[in-house]
Amino acid sequence: MKSQEPRSSSSCAACKALKRRCIPNCQFAPYFRSDERKKFAKVHKVFGASNVSKILNEVAEEQRDDTVNSLVYEAEVRLRDPIYGCIGAIASLEKKMVELEHDLMHARARLASCVNQHGNMATWISDIPVPSGIVEAFNQNSFSFNQCSHLPFL
């Protein structure tokens, strides 16, 4: 665990920012090293040192690393987007996912249309040089793009 790692004699980023002496069992030291001043500054600006301390005390020790990483991410996003914060980032990703699903649906429809117009896919792409087995795998719905990873257009 991080809290049992040896520390250097310098103060952690939290104690430096709060202008206090860093004690050997400082609860911030394992998560905010002395060279991570900006990391703590962001978290402190959004949540406050007292609230971060309370949150860390509420969380089991084995989950504190993940908790600090979440707080840092949330603070960074909140500073970039003070109105929506993480919700804005999630909404943006959800919108992108819907757009990509829409594009995928259209690509599948075009592919189905091509298959219907040209019959068997093997005859439709017979003029294109492809490694053996790919066309058969595609026609059997067992195609994987990993089979084409060496081709220059992927």
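Look up: the structure comes first, before these words.
Definitions and cut-offs
- Residues numbered from 1 in each chain as written.
- Predicted model: local features only at pLDDT ≥ 70, side-chain atom pairs only at ≥ 80, totals over all residues.
- Heavy atoms only, no water.
- Helix = DSSP H or I, 4+ residues; strand = E, 2+ residues; numbered from the N terminus.
- Buried < 20%, exposed > 50% of the residue type's maximum accessible area, 1.4 Å probe, protein only.
- Core = buried A, V, L, I, M, F, W, Y, C linked by side-chain atoms within 4.5 Å.
- Phe/Tyr/Trp six-rings, centres within 6.5 Å; stacked < 30°, edge-to-face > 60°.
- Patch = residues over 30% accessible without salt bridge, like charges linked within 9 Å, V, L, I, M, F, W, Y side chains within 5 Å.
- Areas by Shrake-Rupley, 256 points an atom, 1.4 Å probe, with all protein chains shown as cover.
- Salt bridge = Lys/Arg side-chain N within 4 Å of Asp/Glu carboxyl O.
- Contact = heavy atoms within 4.5 Å.
- Axes fitted to C-alpha atoms, helices over the stretch in contact; angles between N-to-C directions.
- Parallel < 35°, antiparallel > 145°, perpendicular 65-115°, else oblique.
- Nonpolar A, V, L, I, M, F, W, Y, C, P; charged D, E, K, R; others polar.

### Re the side chain of threonine 67
Along the chain, threonine 67 falls in helix H4 (residues 64-80). Judged by its relative accessible area of 14%, threonine 67 falls in the buried class.

### Examining the nonpolar core
Counting residues in each nonpolar core, the largest one holds 19 residues, and the members touching the most others are Cys12, Cys26, Phe28, Phe32, Phe40 and Val43. Breaking this core down by element, the ones donating at least two residues are helix H1 (13-17), helix H2 (37-47), helix H3 (49-58) and H4. Considering each element in turn, this core owes the most residues, 4 residues, to H4.

### Quick notes on the packing of aromatic side chains
The description of an aromatic ring pair rests on the distance of the ring centres and on the angle between the ring planes. According to the stated counting rule, one finds 3 aromatic pairs in the structure shown. Between phenylalanine 28 and phenylalanine 40, the aromatic rings sit 5.7 Å apart at their centres with planes inclined by 65°, giving edge-to-face as the arrangement. Linking phenylalanine 28 in the loop between H1 and H2 with phenylalanine 40 in helix H2, this pair joins segments that are 12 residues apart in sequence. Taking relative accessible area as the criterion, phenylalanine 40 reaches 0% and is therefore assigned buried. Following the ring pairs from residue to residue traces out a cluster consisting of Phe28, Phe32 and Phe40.

### Quick word on a nonpolar patch on the surface
A cluster of nonpolar residues, Ile83, Tyr84, Ile87 and Ile90, forms a patch on the protein surface that exposes about 470 Å² of accessible area. With respect to the helices and strands, the residue isoleucine 87 is situated in helix H5 (residues 85-118). Its relative accessible area of 58% is what places isoleucine 87 among the exposed residues.

### Things to note about the environment of glycine 85
Residue position: glycine 85 is located in helix H5. Since its relative accessible area comes to 2%, glycine 85 is described here as buried. With residues up to four places along the chain from it excluded, the contact list for glycine 85 reads Val77 and Arg78.

### Describing the packing of H2 against H4
Each pair of packed helices can be described by the angle between their axes along with the distance between the axes. As a packed pair, H2 and H4 sit with axes 9 Å apart at the nearest point and diverge in direction by 70°. What the angle tells us is that H2 and H4 run roughly perpendicular. Residue-level contacts link Lys39, Lys42, Val43, Lys45, Val46 and Phe47 of H2 to Val68, Leu71, Val72, Glu74, Ala75, Glu76, Arg78 and Leu79 of H4. Of the residues contributing to the contact of H2 with H4, the split by class is 8 nonpolar, no polar and 6 charged.

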